[in-house]
There are 2 protein chains.
Amino acid sequence: MASRTSPEAAAHAERGALAVICGGGTFPLAVAEAARRAGREVVLFPVRGFADIPLEGWPHVWVPIGQFGRLKRELRRHGCRDVVLIGNVLRVRIRDIRFDWTTLTMLPRVFSMLRGGDDHLLKSVARIFEEAGFRLLGAHEVAPEILMPPGQLGAVAPTEGELGDIEVGRHALTVTGPLDIGQGLVVMSRHIVAMEAAEGTDLMLARIAELRRIGRITRPARCGALVKLPKAGQDRRLDMPSLGVRTVEGAARAGLAGIAVEAGGVIVADVAALVRAADEAGLFIYGLEPPTETKR
Amino acid sequence: MASRTSPEAAAHAERGALAVICGGGTFPLAVAEAARRAGREVVLFPVRGFADIPLEGWPHVWVPIGQFGRLKRELRRHGCRDVVLIGNVLRVRIRDIRFDWTTLTMLPRVFSMLRGGDDHLLKSVARIFEEAGFRLLGAHEVAPEILMPPGQLGAVAPTEGELGDIEVGRHALTVTGPLDIGQGLVVMSRHIVAMEAAEGTDLMLARIAELRRIGRITRPARCGALVKLPKAGQDRRLDMPSLGVRTVEGAARAGLAGIAVEAGGVIVADVAALVRAADEAGLFIYGLEPPTETKR
């Protein structure tokens with residue numbers, strides 16, 4: 001980690017403050033803290049209606065969705081050229097957004113963005129920031145320490161059979177990646193029993209618990225794995241999958257044996273809390289080495 | 001349709017009675033009736049715990065799961081060489097099955113069957129019947145009239161945009177077919193919002209309704225399509241997808257614009273009832289021409 005007088009810190013100072021545009025959840029704070037520890041000045045831009053982190057001790061400017069003109073002015077006023085977008089911003093109803101003038105002029109583009117899948121939407125967002133002269137960075141670029149490490153995390157190791165399930169899941173996600181469906185699935189005894197789409201990981205795990213309850217899944221408890229990978233070709237500066245305590249709790253309720261995610265490809269904000277939760281539930285957490293061709 | 005004195009009927013008589021092994025739902029009865037209309041003698045073998053059709057007027061023998069020896073004897077006693085397996089047999093708990101001797105000797109094979117996906121399971125079942133000297137037929141072979149016809153069914157036609165959604169879904173199912181996940185998905189505005197796996201079509205549609213209710217899907221009502229195709233390489237003598245009134249009702253509750261399924265690749269037992277339900281709900285029902293290479 002860089003001290004205040006390191007060459008990295010000097011380079012940071014030259015690049016100005018880092019803007020962290022914060023959606024919901026705890027990841028934005030973890031990214032901001034990691035960047036600050038690395039000696040970087042940070043300004044938070046919590047998104048109204050979504051951000052829910054404590055803001056004490058942080059310079060911050062609340063921003064509403066749909067006011068890109070205002071956001072641009074505030075970013076420039078705070079000397080931010082580098083921007084990180086992090087946290088949940090669930091899809092919003094158009095009629096709930098109050099657009100500013102700049103955003104209104106962009107509306108045809110916004111509507112075309114909303115017509116495609118998530119990838120399409122996020123790539124358009126990135127382009128809009130870059131055309132306005134900002135540099136969009138991934139959370140993994142400003143805070144690599146919040147990424148999943150490779151191999152076993154915690155006390156429980158996956159068995160041979162579980163590693164086989166993980167491989168089935170990894171292969172399937174590689175195939176489905178270009179379809180822009182989702183980043184996760186659940187495999188039991190080599191069989192894909194759930195595929196994540198609009199519902200997200202938490203609701204997919206709740207579904208497995210329910211399918212067990214109604215007898216639609218009859219495999220014994222502690223069977224199967226949640227597998228999550230970033231989609232191939234996905235812009236990792238945006239929409240990086242994440243793994244937190246809530247996912248571990250959901251996997252435990254779903255009766256799974258563990259969770260496998262791509263090392264370096266998934267955000268784990270609080271590793272200590274994650275390991276504690278997994279050990280308590282008796283689940284494995286496993287970081288898969290990414291295939292060489294998708295490394296960046 | 002063949003009359004009692006047609007050459008087809010004579011050929012039927014030569015081949016002996018057709019055994020319809022009946023799982024749950026109304027499709028077994030539709031198949032049996034169609035075969036009988038075509039002049040074939042039919043014996044029903046309702047599976048205990050699953051079959052729920054009225055049996056009056058049909059020669060029938062109840063069969064429990066796990067008693068393949070008994071089933072073989074009964075099939076031979078009734079002169080059945082041709083066998084159709086049709087209807088729902090949800091996966092059962094091994095400990096709930098009372099195996100007969102023949103089945104017990106097959107247990108290692110049965111366990112290996114249960115470890116793979118549905119395709120693997122069903123292909124193994126087909127092989128077991130064939131090794132015992134029976135001929136496994138698809139419902140579409142003995143009753144082609146219960147298959148989905150091509151083009152629009154009912155009063156509502158899909159729009160250009162909806163046909164675009166359908167194409168996105170068809171392409172995705174072609175890609176995911178070899179992964180043996182499921183036969184259906186839901187597309188809205190070119191975006192796959194749900195992918196069917198162990199939960200089945202009905203629960204997937206219920207999920208869409210729920211995601212709308214909690215605001216996770218914000219697209220307007222009457223948007224999107226359920227798309228169902230038989231998996232590429234799937235043995236159509238087994239596990240043919242089906243479309244019934246319940247699916248139409250589920251699609252209506254999910255706020256979809258309609259349903260597209262592969263013409264000739266999906267069973268629709270009661271077309272009149274299906275059209276009535278779709279017209280009442282204002283949904284389109286559309287039979288997609290199968291790609292030439294998967295025709296059989």
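Everything below is about the structure shown above.
The structure reproduced in this document is the subject of the present report.

About the thresholds
Residues numbered from 1 in each chain as written. Chains lettered and ligands numbered in written order. Predicted model: local features only at pLDDT ≥ 70, side-chain atom pairs only at ≥ 80, totals over all residues. Heavy atoms only, no water. Helix = DSSP H or I, 4+ residues; strand = E, 2+ residues; numbered from the N terminus. Buried < 20%, exposed > 50% of the residue type's maximum accessible area, 1.4 Å probe, protein only. Contact = heavy atoms within 4.5 Å. Areas by Shrake-Rupley, 256 points an atom, 1.4 Å probe, with all protein chains shown as cover. Pairing = 2+ DSSP bridges. Axes fitted to C-alpha atoms, helices over the stretch in contact; angles between N-to-C directions. Expected span 1.5 Å × (residues − 1). Polar contact = N/O pair within 3.5 Å; in protein donor to acceptor, adjacent residues only side chain to side chain. Patch = residues over 30% accessible without salt bridge, like charges linked within 9 Å, V, L, I, M, F, W, Y side chains within 5 Å. Salt bridge = Lys/Arg side-chain N within 4 Å of Asp/Glu carboxyl O. Lys, Arg positive; Asp, Glu negative; His and termini not counted. Charge placed at Lys NZ, Arg CZ, Asp CG, Glu CD. Phe/Tyr/Trp six-rings, centres within 6.5 Å; stacked < 30°, edge-to-face > 60°. Lys NZ or Arg CZ within 6 Å of the ring centre and 35° of its normal. Parallel < 35°, antiparallel > 145°, perpendicular 65-115°, else oblique. Nonpolar A, V, L, I, M, F, W, Y, C, P; charged D, E, K, R; others polar. Core = buried A, V, L, I, M, F, W, Y, C linked by side-chain atoms within 4.5 Å. Left-handed = near helix turned anticlockwise from the far one by under 90°.

## Comments concerning the overall build of chain A
Here is step 1: A count of helices and strands for chain A gives eleven helices and ten strands.
Here is step 2: Taken across its 296 residues, chain A has 56% of its residues classed as buried.
Here is step 3: Here the analysis covers contacts within chain A between residues at least 6 apart in sequence; of these, 74% occur between residues at least 24 apart.
Here is step 4: Of the roughly 13000 Å² of accessible surface on chain A, 54% is carried by carbon and sulfur atoms.

## Describing the sheet that holds strand β4 (residues 135-137) of chain A
Residue and element names in this part refer to chain A.
Here is step 1: What the four strands build is an open sheet, ordered β2-β1-β3-β4; its pairing is parallel. With one partner strand each, in any of the chains shown, β2 (42-46) and β4 form the two edges of the open sheet. Looking at each pair of strands side by side, their axes are set apart by 30° on average, direction ignored.
Here is step 2: Taken strand by strand, helix α3 (residues 68-77) contacts β1 (17-22), β2 and β3 (80-86), and its axis lies near 165° from that of β2.

## Here's the deal with unusual backbone geometry
Residues and elements named next belong to chain A.
Here is step 1: For Arg190, which is not glycine, the phi dihedral falls at a positive 70°.
Here is step 2: For Arg190, a relative accessible area of 39% gives the class partly exposed.
Here is step 3: Not every positive phi belongs to a glycine, and Arg222 is a case in point at roughly 55°.
Here is step 4: Among the secondary structure elements, Arg222 is positioned in the loop between α9 (200-213) and β8 (225-228).

## Remarks on α3(A)
Here is step 1: Considered for burial, the residues of α3(A) that qualify are A:Phe68, A:Gly69, A:Leu71, A:Lys72, A:Glu74 and A:Leu75.
Here is step 2: With its phi angle positive at about 65°, A:Gly79 sits one or two positions after the end of α3(A).

## Let's talk about α9(A)
All names here are of chain A.
Here is step 1: In this model α9 runs 20 Å from its N-terminal to its C-terminal C-alpha over 14 residues, within 8% of the 20 Å that 1.5 Å per residue would give.
Here is step 2: Considered for burial, the residues of α9 that qualify are Gly200, Thr201, Met204, Leu205, Arg207, Ile208, Leu211 and Arg212.
Here is step 3: One or two steps after α9, the chain reaches Gly215, where phi turns positive at roughly 80°.

## Remarks on the pairing of strand β8 (residues 225-228) of chain B
Consecutive side chains along a regular strand alternate between the two faces of the sheet.
Residues and elements named next belong to chain B.
Here is step 1: Burial along β8 is two-sided: Ala225 and Val227 facing one way and Leu226 and Lys228 facing the other are all buried.
Here is step 2: Here four bridges tie strand β6 (residues 184-188) to β8, and the two strands are oriented antiparallel to one another. Bridged to Val187 within β8 is Ala225.
Here is step 3: Pairing of β8 with strand β9 (residues 258-262) involves four bridges; the strand directions are parallel. Each bridged residue has a counterpart across the sheet, and for Lys228 the counterpart in β9 is Val261.

## Notes on the side chain of B:Glu199
Here is step 1: Secondary-structure assignment places B:Glu199 in the loop between β7 (191-195) and α9 (200-213).
Here is step 2: By relative accessible area, B:Glu199 is classed as buried at 1%.
Here is step 3: Among the polar contacts listed, one links the side chain of B:Glu199 to the backbone nitrogen of B:Ala197, at a separation of 3.0 Å.
Here is step 4: In this structure the side chain of B:Glu199 is engaged in a polar contact, spanning 2.9 Å, whose partner is the side chain of B:Arg207.
Here is step 5: Setting aside anything within four residues of it in sequence, one finds B:Glu199 in contact with A:Val193, A:Arg207, A:Leu211, A:Arg216, B:Met204 and B:Arg207.

## Topic: a positive patch on the surface
Here is step 1: A cluster of basic residues, A:Arg48, A:Arg70, A:Arg73 and A:Arg98, forms a positive patch at the surface.
Here is step 2: Mapped onto the secondary structure, A:Arg48 falls in the loop between β2 and α3.

## Some points on the packing of aromatic side chains
All names here are of chain A.
Here is step 1: As enumerated under the stated definition, the model contains four aromatic pairs over all chains in all.
Here is step 2: On the basis of an interplanar angle of 70° and a centroid distance of 6.4 Å, the ring pair of Phe129 and Phe134 is categorised as edge-to-face.
Here is step 3: By relative accessible area, which is 5% here, Phe129 ends up buried.
Here is step 4: A cation over a ring is seen here: Arg36 above Trp58, with NZ or CZ 3.7 Å from the ring centre.

## Examining the packing of helix α10 (residues 245-253) of chain B against helix α11 (residues 271-281) of chain B
All names here are of chain B.
Here is step 1: Direction vectors running N to C along α10 and α11 enclose 10°, while the axes themselves pass 9 Å from each other. By the angle between their axes, α10 is roughly parallel relative to α11. Across the interface between the two elements, Val245, Val248 and Ala252 from α10 touch Ala273, Leu274, Ala277, Ala278 and Ala281 from α11.
Here is step 2: Partitioned by chemical class, the residues of the contact of α10 with α11 number eight nonpolar, no polar and no charged.

## What to know about the nonpolar core
Here is step 1: In this structure, A:Leu185, A:Val227, B:Leu185 and B:Val227 are the most contacted members of the largest nonpolar core, which totals 34 residues.
Here is step 2: Apart from the residues lying within four places of it in its own chain, the contact partners of A:Leu185 are A:Gly169, A:Ala172, A:Leu173, A:Ile192, A:Ala194, A:Met195, A:Met204, A:Ala225, A:Leu226 and A:Val227.

## Quick look at the sheet that holds strand β2 (residues 42-46) of chain B
Residues and elements named next belong to chain B.
Here is step 1: Taken together, four strands build an open sheet; the order of strands is β2-β1-β3-β4 and the sheet is parallel. Lying at the two open borders of the sheet, with one neighbouring strand each, are β2 and β4 (135-137). Direction aside, neighbouring strands of the sheet carry axes that sit 30° apart on average.
Here is step 2: Judged from the six bridges that link them, strand β1 (residues 17-22) and strand β3 (residues 80-86) form a sheet pairing that is parallel. Considered in β3, the bridge of Ile21 is made with Leu85.
Here is step 3: Docked against the sheet, helix α3 (residues 68-77) engages β1, β2 and β3, running at close to 165° with respect to β2.

## A word on the pattern of salt bridges
Here is step 1: Across all of its chains, the model carries 20 salt bridges over all chains by this definition.
Here is step 2: With a shortest N-O distance of 2.9 Å, B:Glu199 and B:Arg207 are connected by a salt bridge.
Here is step 3: Classification of B:Arg207 as buried rests on a relative accessible area of 10%.
Here is step 4: Residues joined in a network through salt bridges with shared partners are A:Glu199, A:Arg207, B:Glu199 and B:Arg207.

## With respect to the environment of B:Glu162
Residue and element names in this part refer to chain B.
Here is step 1: Along the chain, the position of Glu162 falls in helix α8 (residues 160-176).
Here is step 2: Expressed as a C-alpha distance, the spacing of Glu162 and Phe284, which sit 122 residues apart in the sequence, is 9.7 Å.
Here is step 3: Once residues within four sequence positions are removed from consideration, Glu162 is found in contact with Ala157, Arg222, Ala257 and Phe284.
Here is step 4: A distance of 2.9 Å separates the side chain of Glu162 from the backbone nitrogen of Thr159, its partner in a polar contact.

## Describing the packing of α9(A) against helix α10 (residues 245-253) of chain A
Residues and elements named next belong to chain A.
Here is step 1: Two numbers describe how α9 lies on α10: the axes approach to 8 Å, and their chain directions differ by 15°. Comparing their axes, α10 and α9 come out roughly parallel. Relative to α10, the crossing made by α9 is left-handed. Counted together, Thr201, Asp202, Leu205 and Ala209 of α9 and Arg246, Thr247, Gly250, Ala251 and Arg253 of α10 form the full contact between these two elements.
Here is step 2: Classifying every residue of the contact of α9 with α10 by side-chain character gives three nonpolar, three polar and three charged.

Just distances and angles here, no functional claims.
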